[in-house]
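# Structural characterization, general
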Amino acid sequence: MPKSLNDTTTLHNGVKMPWFGLGVFKVKEGTEVINSVKAAIKNGYKSIDTAAVYQNEEGVGKAIKESGVPREELFITSKVWNSDQGYDSTLQAFETSLKKLGLDYLDLYLIHWPGKNKFKETWKALEKLYKEGRVRAIGVSNFKIHHLEELLKDCEIKPMVNQVEYHPHLTQKDLLAFCQKEGIQLEAWSPLKQGQLLNDPVINEIAAKYGKSAAQVILRWDLQTEVVTIPKSTKEQRIIENANIFDFELTTEDMQKIDALNKDERVGSDPDTMMVGFNE
Ligand SMILES: NC(=O)c1ccc[n+]([C@@H]2O[C@H](COP(=O)([O-])OP(=O)(O)OC[C@H]3O[C@@H](n4cnc5c(N)ncnc54)[C@H](OP(=O)(O)O)[C@@H]3O)[C@@H](O)[C@H]2O)c1
């Protein structure tokens, strides 16, 4: 079980990925994203999750530079957007992301959404980038079991990570088991259901018992289910609070109570119907 913000899971290619990081979805380019990322790094975060479509890669890059922490101590993720899927366009999109971030390599590059019929071509581009050492690990996002099965049929390199919506209302047990069987690390997006889970009475009852906040209990549940997590906050106090989850352990009974909150309910899009950007 991870004991600190520096603890990592080892991906199937041997690369170490922090269990915990900061997400920057909907965080404004410029001062807002620069301040969030700097606050996170100052408070010990090593992993930052952005994407081309978030339109804040320049700010993320600026914050990394200004943080003073050596690049190799950080773990930076970005994602290829739907409209850039395809072999050549993905290679180009990668260069654009890297340039905006001001980096010469990424730690993890993900296919943002599967879409219908381009992800295998896109994956070939990711394999090329990986083989060339431009990115230390490659993965997918929002892939259901059937998408993974399809990709695994033809890929040369298995994805190292699958980043999906994952929280107590969407526990995705089958997907988690599938990924574990295949050696693919599951990573949770919207771990707090974008804030919608924070008033849940069961979670708050458990939180009171441990003297922790609802957010801390949910994020601890992520770690205890062996899922990497990347909550977003623009507020330093919450950035600190969210990471303060390494000093307690939920009992099996409390883990089961949280598991039982599952409703298979999403706050984001369903990967089977999310086609924004694909027909452009
Ligand atoms: N791959 C994908 O398709 C995908 C999709 C969505 C998200 N993501 C990634 O996952 C990351 C996290 O998901 P998310 O940003 O959608 O949602 P989230 O992390 O579940 O929730 C963020 C919301 O919760 C609030 N919050 C955070 N910590 C809190 C605390 N301790 N107490 C009270 N409120 C708190 C934040 O507000 P404040 O900022 O005001 O604190 C924000 O409104 C994203 O930033 C992004 O990097 C990936």
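To keep things clear, this report deals only with the structure shown in the data block. Because the structure is predicted, anything quoted here is derived from the model rather than measured. (Residues numbered from 1 in each chain as written. Predicted model: local features only at pLDDT ≥ 70, side-chain atom pairs only at ≥ 80, totals over all residues. Heavy atoms only, no water.)

It is worth spelling out the site of the ligand at this point. Surveying the vicinity of the ligand reveals 29 residues, the closest of which are D49, S190, S233, K235 and R238. Contact distances for the ligand include 2.9 Å between an oxygen atom and a backbone N or O atom of F25. Between a nitrogen atom of the ligand and a side-chain N or O atom of S141, the distance comes to 2.8 Å. Burial of the ligand by the surrounding chains reaches 89%, relative to a free accessible area of 900 Å². Within the shell around the ligand, the residues separate by chemical class into eleven nonpolar, eleven polar and seven charged. (Near = heavy atom within 4 Å. Polar contact = N/O pair within 3.5 Å; in protein donor to acceptor, adjacent residues only side chain to side chain. Areas by Shrake-Rupley, 256 points an atom, 1.4 Å probe, with all protein chains shown as cover. Nonpolar A, V, L, I, M, F, W, Y, C, P; charged D, E, K, R; others polar.)

Notably, Q55 is not glycine yet its phi reads approximately 55 degrees, a positive angle. Its relative accessible area of 63% is what places Q55 among the exposed residues. In the Ramachandran plot, D264 falls in the positive-phi region, its phi being about 50 degrees despite a non-glycine side chain. You can see D264 is positioned in the segment after α10 (252-259). (Buried < 20%, exposed > 50% of the residue type's maximum accessible area, 1.4 Å probe, protein only. Helix = DSSP H or I, 4+ residues; strand = E, 2+ residues; numbered from the N terminus.)

Opposite charge on two side chains lets them pair, provided their charged atoms get close. In total, this model carries 22 salt bridges according to the counting rule given. Between E150 and K120 there is a salt bridge whose closest N-O contact spans 2.9 Å. Highlighted residues: E150 in helix α5 (residues 145-154) and K120 in helix α4 (residues 119-131), separated in sequence by 30 residues. Close ionic contact of K158 with E182 constitutes a salt bridge, the shortest N to O distance being 3.0 Å. Of this pair, K158 sits in the loop between α5 and β8 (161-165) while E182 sits in helix α6 (residues 173-182), and the two are 24 residues apart along the sequence. By sharing partners, the salt bridges in this structure join K120, E150, K153 and D154 into a single network. (Salt bridge = Lys/Arg side-chain N within 4 Å of Asp/Glu carboxyl O.)

Looking now at the pairing of β8. Counting buried positions along β8 yields five of five residues, so the element is predominantly enclosed. As judged from the three bridges shared by strand β7 (residues 135-141) and β8, these two strands associate in the parallel manner. The residue of β8 that forms the bridge with G139 is V161. For the handedness criterion, the β-α-β arrangement of β7, α5 and β8 is classed as right-handed. Both β8 and strand β9 (residues 185-189) contribute to a ladder of five bridges, which runs parallel. Within β9, the residue paired with E165 across the bridge is W189. (Pairing = 2+ DSSP bridges. Right-handed = clockwise from strand over helix to strand, strands pointing away.)

Let us now look at the packing of helix α8 (residues 214-224) against α10. The description of two packed helices rests on the angle between their axes and on the distance between the axes. Across the interface, α8 lies against α10 with an axial gap of 11 Å and an inter-helix angle of 105 degrees. The angle between α8 and α10 places the two elements in the roughly perpendicular class. Contact residues: α8 offers V217, W221 and Q224, while α10 offers M255, I258 and D259. By residue class, the composition of the contact of α8 with α10 is four nonpolar, one polar and one charged. (Axes fitted to C-alpha atoms, helices over the stretch in contact; angles between N-to-C directions. Parallel < 35°, antiparallel > 145°, perpendicular 65-115°, else oblique. Contact = heavy atoms within 4.5 Å.)

With that out of the way, let us pick up the environment of N56. Along the chain, N56 turns up in the loop between β4 (47-49) and α2 (57-67). Between the C-alpha atom of N56 and that of F248, which follows or precedes it by 192 residues, the distance is 34 Å. Non-local contacts of N56, meaning those with residues more than four positions away in its chain, are made with V24, V27, E29, V33 and T50.

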